Amino acid sequence: MTGQSHRGAVTAKNWIVLLAIIVVASAIGIAFMLALRWFPEQGSNVAPDIDTFWDVLVIVSVPIFVAVTTMLLFSVWRWRQRPGEEDLDGPPIHGSTKLEVIWTIVPTIIIAALTTYAAILLVDIQAAPAKGTRVVNVNGVQFAWDFETQTPDGPVKTAKLYLPINEPVKFNVRSKDVIHDFWVPAFRLKVDAVPGITTTYNLTPTKLGTFDVVCAELCGLGHAYMRQTVTVMTRERYDAMMARLAAPAGTPAPATDGAAADLGKTMFVAGNPATGATACGACHTMKAAGTTAATGPNLDEALKTANAAAITEMIVDPNKQVAAGYSKGIMPANYATTMTKAQLAALVKYIDQSVHGKG
Ligand code: CUA
């Protein structure tokens, strides 16, 4: 047997209570959301505008969320099924033109307004950079970024990004393999690195310090390791550093075995002192170096039977042969381009001696 359950219309008193709940809960929700620290410190000239935009999104979204949730909970409570009503049915409803018009037009206006705001903001902060703006070529490859800066002494390639403070910079972002995404959270802007095209954005770093550079597009097994840093420094320090890095290839190579071994150990434990390329020890265990990471194979075991030539090949062409139980494509494949011959030789010698107890 079916019938209809009528529980009466929503009264004016109901509406007043609902409205009060929505207003109070929205105010609390907005205050809470604005108090949370969502982003790292502001590191660029565009960061304040982006953060303001975020605040506006929060102020618009929270009341919508609160209103929808309040009405949902009210409806569940008010029209819940009570004992004895199992066979009853609600009144037949054939839609409400008035309601449909409202719930189409109101969201359309809100979305259109926010989209217009976002578009104007983007055009505003991405106005074409002035002529002579410093250009940094950002190249993504599984799984590392490299940065190429034009200097008076020629291009300088680094694995860490270096920028002078308060000077505009334009990034030309490219990928050598799959889609990556160049993101410095402290700067707020990001853009996909797409094979075959160059994407760009420009900004001015406004805060001294070192900030994260991350890949924000799932690009393979090593995506999570595609993290580097940007260091924003004074113009004097920046110029000095670029001049040093741009020094012609004849940079004094380590003269003695002792110095070479020191360089090899430094590169293994702390990373490339010139470019900041990742240290082997960040991923590999090697007893003599005192490293214990387990992302890659334990070198004391994996290289037991490898000679210097084999070790060299594994560094410059890591995907050619991968230790059992490990996947191709995890170890950065760009070490050949971020190390000088002398650095590579010193590193190989150090590893060779370490794993074979000759150190
Ligand atoms: Cu590159 Cu994720």
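Residues numbered from 1 in each chain as written. Predicted model: local features only at pLDDT ≥ 70, side-chain atom pairs only at ≥ 80, totals over all residues. Heavy atoms only, no water.

1. Looking at the sheet that holds strand 11 (residues 209-215)
Then comes step 1: Overall, mixed pairing links the 5 strands, which are arranged 6-12-11-8-9 in an open sheet. Because the sheet does not close on itself, it has two edges, and the strands there are strand 6 (161-164) and strand 9 (190-193). Strand after strand, the sheet turns through a mean of 25° between neighbouring axes, direction not considered.
Then comes step 2: Taken together, the 2 bridges between strand 8 (residues 180-183) and strand 11 define a ladder with antiparallel strand orientation. Considered in strand 11, the bridge of Phe-182 is made with Cys-215.
Then comes step 3: Helix 4 (residues 235-245) contacts strand 6 and strand 12 (227-233) of the sheet and is inclined by roughly 135° relative to strand 6. (Pairing = 2+ DSSP bridges. Helix = DSSP H or I, 4+ residues; strand = E, 2+ residues; numbered from the N terminus. Axes fitted to C-alpha atoms, helices over the stretch in contact; angles between N-to-C directions. Contact = heavy atoms within 4.5 Å.)

2. Remarks on the packing of aromatic side chains
Then comes step 1: Under the counting rule described, the total for this entry stands at 12 aromatic pairs.
Then comes step 2: On the basis of an interplanar angle of 65° and a centroid distance of 5.1 Å, the ring pair of Phe-171 and Phe-182 is categorised as edge-to-face. Taken together, the residues Phe-171 in strand 7 (residues 169-175) and Phe-182 in strand 8 connect sequence positions 11 residues apart.
Then comes step 3: Residue classification places Phe-171 among the buried residues on the basis of a relative accessible area of 0%.
Then comes step 4: Aromatic rings pair up to connect Trp-145, Phe-147, Phe-171, Phe-182 and Tyr-201 into one cluster.
Then comes step 5: When the ring centre of Trp-79 is taken as origin, the NZ or CZ atom of Arg-78, which lies over that ring, is 5.6 Å away.
Then comes step 6: In this structure, Lys-190 packs its charged tip against the face of Trp-183, placed 4.6 Å from the ring centre. (Phe/Tyr/Trp six-rings, centres within 6.5 Å; stacked < 30°, edge-to-face > 60°. Buried < 20%, exposed > 50% of the residue type's maximum accessible area, 1.4 Å probe, protein only. Lys NZ or Arg CZ within 6 Å of the ring centre and 35° of its normal.)

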